[in-house]
Amino acid sequence: MSLNSSTLLNEENSQGPKRNTECLESPELQTPSSLQDNPLQQLQLASQEVLEKAKKSGRSKCPRCSSSRMFYCYTCFVPVETVPTKEIPTVKLPLKIDIIKHPNETDGKSTAVHAKLLAPDDVTIYKYPCIPEYEEKRHEIALIFPGPNSVSVKDIAFHLQKYAKKGVHGNDDDCSGEPLLKQAKIEPKEENSLNECISSNRSEGARLKKIIFIDSTWNQTNKIITDERLQGLLQIELKTRKTCFWRHQKGKPDTYLSTIEAIYYFLVDYHQEILKENYKGQYDNLLFFFSFMYTLIKNAKCCAGRE
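Residues numbered from 1 in each chain as written. Predicted model: local features only at pLDDT ≥ 70, side-chain atom pairs only at ≥ 80, totals over all residues. Heavy atoms only, no water.

1. Notes on the overall build of the protein
So, step 1. Across its full length, the protein holds 10 helices and nine strands.
So, step 2. The proportion of buried residues among the 307 residues of the protein is 47%.
So, step 3. With an accessible surface of roughly 16600 Å², the protein has 46% of that area assigned to carbon and sulfur atoms. (Helix = DSSP H or I, 4+ residues; strand = E, 2+ residues; numbered from the N terminus. Buried < 20%, exposed > 50% of the residue type's maximum accessible area, 1.4 Å probe, protein only. Areas by Shrake-Rupley, 256 points an atom, 1.4 Å probe, with all protein chains shown as cover.)

2. Describing the packing of aromatic side chains
So, step 1. Considering all chains together, one arrives at seven aromatic pairs under this definition.
So, step 2. The interplanar angle of 80 degrees and the centroid separation of 5.3 Å between the aromatic rings of Phe288 and Phe289 together place this pair among those described as edge-to-face.
So, step 3. Every member of this aromatic cluster is reached through a ring pair, and the members are Tyr72, Phe288 and Phe289.
So, step 4. Over the ring of Tyr74 we find Arg69, and its NZ or CZ is 4.2 Å from the ring centre. (Phe/Tyr/Trp six-rings, centres within 6.5 Å; stacked < 30°, edge-to-face > 60°. Lys NZ or Arg CZ within 6 Å of the ring centre and 35° of its normal.)

3. Side note on the nonpolar core
So, step 1. In terms of nonpolar packing, the biggest core is built from 61 residues, with Ile97, Ile211, Phe266 and Leu286 touching the most fellow members.
So, step 2. Summarising the domain contributions, this core has at least three residues from each of domain 1 (44-86) and domain 2 (89-162 + 206-244 + 254-306). (Core = buried A, V, L, I, M, F, W, Y, C linked by side-chain atoms within 4.5 Å. Domains from an automatic or database assignment.)

4. So, the packing of helix H4 (residues 49-57) against helix H10 (residues 288-303)
If you want to describe how two helices pack, look at the angle between their axes and the distance between the axes.
So, step 1. Running from amino to carboxyl end, H4 crosses H10 at an angle of 50 degrees, the nearest separation of the two axes being 11 Å. The pairing of H4 with H10 is recorded here as oblique in orientation. For the element pair H4 and H10, the recorded crossing hand is right-handed. On the side of H4, the interface is formed by Val50, Leu51, Glu52 and Lys55, while H10 contributes Phe288, Phe289, Phe292 and Leu296. (Axes fitted to C-alpha atoms, helices over the stretch in contact; angles between N-to-C directions. Parallel < 35°, antiparallel > 145°, perpendicular 65-115°, else oblique. Left-handed = near helix turned anticlockwise from the far one by under 90°. Contact = heavy atoms within 4.5 Å.)

5. Concerning the state of the cysteines
So, step 1. By the definition in use, this model includes zero disulfides.
So, step 2. Here Cys76 is not cross-linked by a disulfide; its sulfur's nearest cysteine counterpart is in Cys65, at 3.7 Å. (Disulfide = S-S within 2.5 Å.)

6. Considerations on the confidence of the model for the protein
So, step 1. For the protein, per-residue confidence averages 79 on the pLDDT scale, and 70% of positions sit at 70 or higher.
So, step 2. Element-level mean pLDDT values for the protein span from 36 in helix H2 (residues 19-24) up to 98 in strand S5 (residues 96-101).
So, step 3. Across residues 197-205, where pLDDT falls below 50, the model places 11 contacts with residues more than four positions away in sequence or in other chains. (pLDDT = per-residue confidence, 0-100.)

7. Some details on the side chain of Ser258
So, step 1. Note that Ser258 resides in the loop between strand S9 (234-236) and helix H9 (259-273).
So, step 2. The exposure class assigned to Ser258 is buried, which follows from its relative accessible area of 1%.
So, step 3. A polar contact of 2.9 Å, which involves the side chain of Ser258, links it to the side chain of Glu261. (Polar contact = N/O pair within 3.5 Å; in protein donor to acceptor, adjacent residues only side chain to side chain.)

8. Some remarks on H9
So, step 1. The first and last C-alpha atoms of H9 sit 21 Å apart over 15 residues, in line with the 21 Å expected at 1.5 Å per residue.
So, step 2. Along H9, 13 of the 15 residues are buried, which leaves the element largely enclosed by surrounding structure. (Expected span 1.5 Å × (residues − 1).)

9. Remarks on the pattern of salt bridges
So, step 1. Applying the stated criterion across every chain yields a total of 12 salt bridges.
So, step 2. Put simply, Glu140 and Lys209 hold a salt bridge, and the shortest N to O gap is 3.5 Å. With Glu140 in the loop between strand S6 (123-127) and strand S7 (141-144) and Lys209 in the loop between helix H7 (188-205) and strand S8 (210-215), the pair connects residues that are 69 residues apart, well separated along the chain.
So, step 3. Taken together, the salt bridges that share partners define one network made up of Lys92, Lys96 and Asp122. (Salt bridge = Lys/Arg side-chain N within 4 Å of Asp/Glu carboxyl O.)

Here it is in structure tokens:
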């Protein structure tokens with residue numbers, strides 16, 4: 001759930017003296033103790049100099065709809081004119097991501113747009129109720145949502161294999177989809193090759209290819225999660241982590257993550273638990289905008305004496 005940056009900056013400036021603006025323009029003035037309070041400081045991010053320059057320039061036009069925006073247009077999913085696309089990092093994801101956005105979720109407050117801006121080839125945003133049919137691809141899709149039947153990231157392959165065994169076959173050119181009893185007699189070497197192919201297809205059939213996230217307040221999720229098009233999908237529950245989101249929902253635990261945080265933490269877990277690879281910051285730039293705004297707002301609050 002992202003941020004209408006210009007609105008928030010105006011609010012901060014109107015509530016404090018000129019030193020607020022000076023503080024906002026100088027994140028590097030943070031003290032060592034304040035840096036320790038920033039849980040995002042260890043991220044391996046691309047240079048945010050382009051965002052610093054855009055902040056000083058103020059709002060700019062969207063190159064598509066000409067609306068006045070700060071940093072990016074949250075309706076067209078593109079950077080504004082003062083933020084050249086070539087200076088924005090691009091993140092390649094190991095799978096596709098669908099984000100289902102609640103129609104009442106305010107565009108300017110949603111961090112889902114961050115994912116689309118930074119991983120444009122792998123992220124698609126749908127506004128509910130206009131969402132795809134997922135039934136035929138249930139064996140390769142999962143939904144991030146906590147619940148009594150949710151499983152952990154490390155158990156994804158095991159549970160998807162149950163769907164793969166329910167009639168999901170490989171390519172007929174590679175392996176026959178007919179029952180083995182109806183096939184011609186097979187020599188031992190050919191049989192071994194066939195068994196390896198069947199095993200390979202089952203493994204491929206159990207591989208996660210797309211993950212779905214719901215972008216809404218927790219009070220609005222019921223309408224989407226109960227949609228018949230999402231029934232029967234494997235549900236994944238993320239490890240408990242604390243949010244850094246500045247628009248944290250009142251009355252909710254601090255473990256309720258913003259959309260971009262949930263996407264980021266899922267990918268980190270997926271990289272380690274499923275791909276079995278050491279994580280070296282491959283997806284850190286998904287928090288490129290989020291971390292910048294976090295620091296911006298934290299500094300503003302500090303300078304205003306509200307922390």
